[in-house]
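Secondary and tertiary structure notes
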Amino acid sequence: NAKEQASSSYQFYSRKMNERFHKRMELENHLRKAIENEELRLLYQPVVDSYTGQIVGLESLLRWHNPHLGHVPPSDFIPVAEETGLILEIGEWVLKEACKQNKIWQVAGLPKMFISVNLSSRQFNDSRLSRTIQQILEETELLPQYLELEITESMTMDVRVALDTLYELKKLGVQIAMDDFGTGYSSLGYLKDYPIDKMKIDQSFIKGLQHNQVNAAIVNTMIAMAHNLGLQVVAEGVETEEELHLLKDYGCGLLQGYYFSPPTDVERIVELITP
Ligand code: C2E
Ligand code: MG
Ligand code: MG
Ligand code: MG
């Protein structure tokens, strides 16, 4: 009967929720020890100059391999790190690792390039952020112009706070990029007021560009607007030659995506950036 059914479906959902809760607890507990157990590492994805074809920068992308959980994608563990506050420690590890690595390549005499690091909302809103970054730059002896910080529209709720933070970061001399551009809200207002250097057009606009007149119009307009505002533009998620050609036609200066290279480990990156 209906009552039994309701009760068994309740039990079903409650069991499901229990499982989910358990999984999440398990992930959280493992994540707490991920740094000290050396389970985290960074991959680097080239950012390419669309005219010369040269690699001019690298985006650092975090990877987590845990012996019990296997490979856990950032889309699964970054939100947990964010909710628990673990992202502050993890984010600091990422910043240090990326700066250290870039300095190593520079000291080795490889062509100088910027390294970009994704910031999470919690990091961006942490009052110690700019001091932490300043310390890391001093420690690693990386010049600030070779570090780029990627922020997103959705982590900048309070415009005043965001402006203060961004100006503090700009004072350090680092570059600021707006990641996943076009997927957030009120993008235009931010672009006008925020001291950013670069716009990264979200990959959802790039996919199949040549078959989608609406996306093509949007991307073309975004690029023109960015240039009028004095910003550099990166197209994310470039996978095909057709996309590449259109983006070049539109004057997009920087490109990133599987067409050029997936996120890649340190050893292989050295081969890619060695002239
Ligand atoms: P994101 O910053 O927008 O990074 C780009 C994502 O797109 C990466 O996924 C990259 O592997 C993927 N990608 C690059 N080229 C292509 C392409 O041509 N086609 C397709 N389909 N995908 C492409 P990934 O590494 O899984 O990272 C996902 C997101 O996780 C990142 O998006 C970023 O928001 C976040 N994330 C990654 N590493 C960190 C980190 O160290 N700190 C923080 N806070 N977030 C991170
Ligand atoms: Mg990014
Ligand atoms: Mg992102
Ligand atoms: Mg992105």
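Structure first, text after, so check above.
Quick caveat: nothing in here was measured; it's all calculated off a predicted structure. (Residues numbered from 1 in each chain as written. Chains lettered and ligands numbered in written order. Predicted model: local features only at pLDDT ≥ 70, side-chain atom pairs only at ≥ 80, totals over all residues. Heavy atoms only, no water.)

**Remarks on the coordination of the magnesium ion (ligand 2)**
The protein atoms donating to the magnesium ion (ligand 2) are Glu59 (OE), Asn118 (OD1), Glu150 (OE) and Asp179 (OD), with metal-donor distances spanning 2.0 to 2.3 Å. Here the donor residues of the magnesium ion (ligand 2) share one chain and are spaced in sequence as E-x58-N-x31-E-x28-D. A separation of 4.0 Å is found between the magnesium ion (ligand 2) and the magnesium ion (ligand 3), which share Asp179 as a coordinating residue. You can see Glu59 sitting in strand β2 (residues 55-66) and its partner Asn118 sitting in strand β4 (residues 114-118), a full 59 residues away along the chain. Given a relative accessible area of 30%, Asn118 falls into the partly exposed group. (Donors = N, O, S within 2.8 Å, 3.2 Å for Na, K, Ca; no water. Helix = DSSP H or I, 4+ residues; strand = E, 2+ residues; numbered from the N terminus. Buried < 20%, exposed > 50% of the residue type's maximum accessible area, 1.4 Å probe, protein only.)

**Let's talk about the site of ligand 1**
Around ligand 1 sit 23 residues in total, of which Arg63, Asn118, Asp179, Glu239 and Tyr258 are the nearest. Separating a nitrogen atom of ligand 1 from a backbone N or O atom of Leu62 is a distance of 3.1 Å. Side-chain polar atom of Arg63 to an oxygen atom of ligand 1: 2.8 Å apart, as the coordinates give it. Protein burial of ligand 1: of its 800 Å² of free accessible surface, 81% is covered by the chains. The set of elements that each furnish at least two residues to the shell around ligand 1 consists of β2, α2 (74-84) and β6 (175-181). Here the shell around ligand 1 takes 4 residues from β2, the largest share from any one element. (Near = heavy atom within 4 Å. Polar contact = N/O pair within 3.5 Å; in protein donor to acceptor, adjacent residues only side chain to side chain. Areas by Shrake-Rupley, 256 points an atom, 1.4 Å probe, with all protein chains shown as cover.)

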